[in-house]
Amino acid sequence: YIKIIDIIWWLFIVTTAFIYYLSEMYTRHYLFFIFATLSATFLFVRLFMIKFETKASVLYLTIQIFILSILIRSTAYFVSPYYIGSDPWAHAEYINYFMNFHALTVPTGFSSYYLSYTMSHLISIETSLLSNLSIHEALFVLSIILTFSTIFVFLIVILLTGNCNIALLSMLLLNLAD
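Counting from 1, residues in each chain are numbered in the order their sequence is written. In keeping with the predicted nature of the model, local features appear solely for residues at pLDDT of at least 70, side-chain atom pairs appear and are counted solely at 80 or more, and the whole-chain, interface and lining totals rest on all residues. Values shown for side chains rest on all heavy atoms present in the structure; no hydrogens or waters enter the calculation.

J.: Honestly, the confidence of the model for the protein chain in this entry has me stumped. Any pointers?
T.: Low pLDDT means the predicted coordinates in that region are not meant to be read closely. Think of pLDDT as the predictor's per-residue confidence, scored from 0 to 100. Summarising the model, the protein chain shows a mean pLDDT of 89, and 98% of its residues fall at 70 or more. Starting at the N terminus, helices and strands are each numbered in turn, a helix being any DSSP run of H or I of at least four residues and a strand any DSSP run of E of at least two. Between the elements of the protein chain, mean pLDDT differs from a low of 82, seen in helix H4 (residues 86-101), to a high of 96, seen in helix H7 (residues 151-161).

Shown next, in the form of structure tokens:
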């Protein structure tokens, strides 16, 4: 059954990416969400079908979690060439300000709420400057770093519970909820 679920998962994930590719500009078709949800569901089912975890199967499931997470994040982030929502705009404005004025101080018109994310802003600035990416793309690189950092959640949960299934489930839920 595990091989069949893996084949179905790969078919769903490829179909999800293909549907996004065929979607109209600035949209994600409702079938994208259906197939992404089915992919997550089959991954969830696969997590609980493992009776004996080998390092290879854990690595394989971790890679599947990362693929699904990056697909969902990238399609949400690049559905438009502009930032969607007020939160990314505010982060981009801080990064622009920091890059243009070479200071981590905030002018009077800015909200001080985003000052607690200084490290993420600095990483985005570094990425933008070192790789010649736009701030929009640099913020996406930061979100990829955050996706891969969920491996630490996996390690902490496995240390606390000793259960690989719960650790993988925690990693999957954190990636899909963010």
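J.: How do you make sense of the packing of aromatic side chains when you look at a structure like this?
T.: Remark: the centre distance and the inter-plane angle together describe each pair of aromatic rings, the angle taken between the planes. Working definition: a ring pair exists when centres of Phe, Tyr or Trp rings (six-membered ring for Trp) sit within 6.5 Å. Plane angles under 30 degrees give stacked, over 60 give edge-to-face, the rest tilted. Enumeration according to the criterion identifies 13 aromatic pairs in this entry. Taking 5.4 Å as the distance between ring centres and 70° as the angle between the ring planes, the aromatic pair formed by Phe 12 and Phe 42 counts as edge-to-face. Of this pair, Phe 12 sits in helix H1 (residues 2-22) while Phe 42 sits in helix H2 (residues 30-49), and the two are 30 residues apart along the sequence. Its relative accessible area of 16% is what places Phe 12 among the buried residues. In this structure Phe 42 comes out as partly exposed when scored by relative accessible area, which is 22%. Judged by centre distance (4.7 Å) and plane angle (75°), the rings of Phe 66 and Phe 148 are edge-to-face. Of the two residues, Phe 66 sits in helix H3 (residues 55-77) while Phe 148 sits in helix H6 (residues 135-149), which places them 82 residues apart along the sequence. Among the aromatic side chains, those forming a connected cluster through ring pairs are Tyr 94, Tyr 97, Phe 98 and Phe 101. When accessible area is computed with a 1.4 Å probe and restricted to protein chains, residues below 20% of their type maximum are described as buried, those above 50% as exposed, and intermediate ones as partly exposed.

J.: Is there a simple way to explain the nonpolar core in this structure?
T.: A general trend in soluble globular proteins is that nonpolar side chains are found buried together. Among the nonpolar cores identified, the biggest contains 20 residues, and Leu 43, Leu 68, Phe 154 and Leu 168 are the most heavily contacted of them. For this core, the secondary-structure elements that each account for two or more residues are H1, H2, H3, H7 and helix H8 (164-177). It only takes one pair of heavy atoms within 4.5 Å for two residues to be counted as in contact. When sequence neighbours within four positions are dropped, the list of residues in contact with Leu 68 reads Trp 9, Ile 13, Ala 36, Ser 39, Ala 40, Leu 43, Leu 172 and Leu 176. Take the buried residues of types Ala, Val, Leu, Ile, Met, Phe, Trp, Tyr and Cys, join any two whose side-chain atoms come within 4.5 Å, and each joined set is a nonpolar core. With 14 residues, the next largest nonpolar core counts Tyr 77, Tyr 94, Tyr 114 and Ile 144 among its residues.

J.: I tried to follow the pattern of salt bridges on my own but got confused; where do I start?
T.: It is possible for side chains of opposite charge to pair when their charged atoms get near one another. We define a salt bridge as a contact between a side-chain nitrogen of Lys or Arg and a carboxyl oxygen of Asp or Glu at a distance within 4 Å. Evaluation of the coordinates by the stated rule reveals one salt bridge. Across the pair Asp 6 and Arg 46 runs a salt bridge, and its minimum N-O distance is 2.9 Å. Taken together, the residues Asp 6 in helix H1 and Arg 46 in helix H2 connect sequence positions 40 residues apart. Take Asp 6 and Arg 46: they sit in the same class, and that class is buried.

J.: Explain the side chain of Thr 62 to me, please; I cannot follow it from the model alone.
T.: By the element assignment, Thr 62 lies in helix H3. Residue classification places Thr 62 among the buried positions, given a relative accessible area of 6%. Among the polar contacts listed, one links the side chain of Thr 62 to the backbone oxygen of Val 58, at a separation of 2.7 Å. Residues within four places of Thr 62 in sequence aside, it is in contact with Ile 151, Leu 168 and Met 171. Identification of polar contacts relies on pairs of N or O atoms within 3.5 Å, with a donor-acceptor requirement for protein atoms, meaning one able to donate a hydrogen and the other able to accept it, and with residues adjacent in sequence counted only if both atoms are side-chain atoms.

J.: For this particular structure, what's the right way to read the environment of Ala 90?
T.: Along the chain, Ala 90 turns up in helix H4. By relative accessible area, which is 18% here, Ala 90 ends up buried. For the pair Ala 90 and Val 141, spaced 51 residues apart in the sequence, the C-alpha separation amounts to 17 Å.

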